[in-house]
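Here is how the chains run, residue by residue.
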Amino acid sequence: MKSITRRVFLGTAAATAAVTLGQFGRREKVLAQTQEINLYSSRHYNTDNILYQNFTQETGIKVNLIEAGGDELIERIKSEGANSPADILLTVDVARLSRANQEGLFAPVSSPILTERIPANLRHSEGHWFGLSKRARVLVYNKQKVNPNELSTYEDLANPQWKGRLAVRSSDNTYNQSLVASLIAVHGEEKTLEWCKGIVANMARPPQGNDTAQIEAVAAGIADVAMTNHYYVANLGVSDEAAKRQVFEAVGLFFPNQGDRGTHVNVSGAGLIKTAPNPEGAILFLEYLTSDSAQKFFAEGNNEYPVVEGVPVSPIVAGFGEFKSDLANLQQFGDLLPRGVLLMDRAGWQ
Ligand SMILES: [Fe+2]
């Protein structure tokens, strides 16, 4: 596998300060050589497009955006083979990044900027992929029916106290798969199987719908508690539609496991494709996405958390308050994901 190494070495202080393209030592050379990059993305947020346009304005490098679902893009890159125009694969969860990596799609990237800017637990140890924004898997509860003092951990949701009270997404969803992988990492398979069985026993209805549908079920009183990525809650709160804002008003948000390892976080992230026709420009683009201004814009567009320390979050997310994140290395979840899916299946989690 070819290794792409950028010989750009900023001092630690410079790298941790605001990164701008002007600081890149090899910028001119890369810019002279690169007209465009091809970005395969499963993020469908309009604000991302503005960010890509800003990159083009700053660098003159055009970003050709190819959008589809994560699995679809992985299949497409595989079938395109050595002739794939893909430079970067950008996906919305670590499960897809791990899958793409297991398929051998990524090239190792060695970039001091990326390793300085992105915490080690949110990126692949050999630079195969990098987390670019964080999403917390939080609990939402019906404010009429649940006192937040009753909530504590993901583990607790498997207790009989919650029988018939949980709205849960199906087991084919990668967000829950990553959460189950995180539980295997902490508790092992046997206990995690018991947890999965407990969740199934406590479901208010068979799994159906996306994360937003779980929040709506809680707001409507169909269930009392649900697990969801935090930004779905935030996006309801800032919606133009009054009905969605009403859903937001009816639920409370709770960060589980604050007394132990912290709330499970996943990432939206990207990796350089092994056969990338424009690798240097692609790395420049990844580095750009970790600049303070890009991080703010990238994360705010979908109300996510920036991966770079000190970059502010959107007002509605700030309103959720500070919380402790599970600092487990996301890379290990990739290996545990297939085991997690098996356990969910054995527990009868549809
Ligand atoms: Fe999502």
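Because the structure is predicted, anything quoted here is derived from the model rather than measured.

Looking at the overall build of the chain
Item 1. Check the secondary structure of the chain and you find 15 helices and 11 strands.
Item 2. Principal axes of the C-alpha set define a box for the chain whose edges measure 65 × 40 × 35 Å.
Item 3. Looking at the chain residue by residue over its 350 residues, the buried ones come to 48%.
Item 4. Partitioning the contacts of the chain with sequence separation of at least 6, the portion at a separation of at least 24 is 80%.

Description of the packing of helix H7 (residues 174-187) against helix H8 (residues 189-201)
Relative placement of two packed helices is described by the angle separating their axes and the distance separating the axes.
Item 1. Axis separation between H7 and H8 bottoms out at 7 Å; the angle between their running directions is 135°. The pairing of H7 with H8 is recorded here as oblique in orientation. H8 is crossed by H7, and the crossing has right-handed handedness. Along the contact surface, H7 presents Val-180, Leu-183, Ile-184 and His-187, while H8 presents Glu-189, Lys-191, Thr-192, Trp-195 and Cys-196.

Regarding helix H10 (residues 230-237)
Item 1. H10 sits mainly inside the fold: seven of its eight residues count as buried.
Item 2. Residues of H10 that are buried include every one of His-230, Tyr-231, Tyr-232, Val-233, Ala-234, Leu-236 and Gly-237, and no others.

Section: unusual backbone geometry
Item 1. For Asn-257, which is not glycine, the phi dihedral falls at a positive 60°.
Item 2. Its location among the elements puts Asn-257 in the loop between strand E9 (251-254) and strand E10 (265-272).

Considering the packing of helix H9 (residues 211-219) against H10
Item 1. Two elements in contact, H9 and H10, have axes whose closest approach is 9 Å; the angle formed by their N-to-C orientations is 65°. Between H9 and H10, the crossing angle belongs to the class labelled roughly perpendicular. Remark: the crossing between H9 and H10 carries right-handed chirality. On the side of H9, the interface is formed by Asp-211, Thr-212 and Ile-215, while H10 contributes Tyr-232, Val-233 and Leu-236.
Item 2. For the contact of H9 with H10, the residue count by class is four nonpolar, one polar and one charged.

The rules behind the values
- Residues numbered from 1 in each chain as written.
- Predicted model: local features only at pLDDT ≥ 70, side-chain atom pairs only at ≥ 80, totals over all residues.
- Helix = DSSP H or I, 4+ residues; strand = E, 2+ residues; numbered from the N terminus.
- Buried ≥ 20, exposed ≤ 12 C-beta atoms within 10 Å, placed from the backbone.
- Contact = placed C-beta atoms within 7 Å.
- Axes fitted to C-alpha atoms, helices over the stretch in contact; angles between N-to-C directions.
- Parallel < 35°, antiparallel > 145°, perpendicular 65-115°, else oblique.
- Left-handed = near helix turned anticlockwise from the far one by under 90°.
- Nonpolar A, V, L, I, M, F, W, Y, C, P; charged D, E, K, R; others polar.

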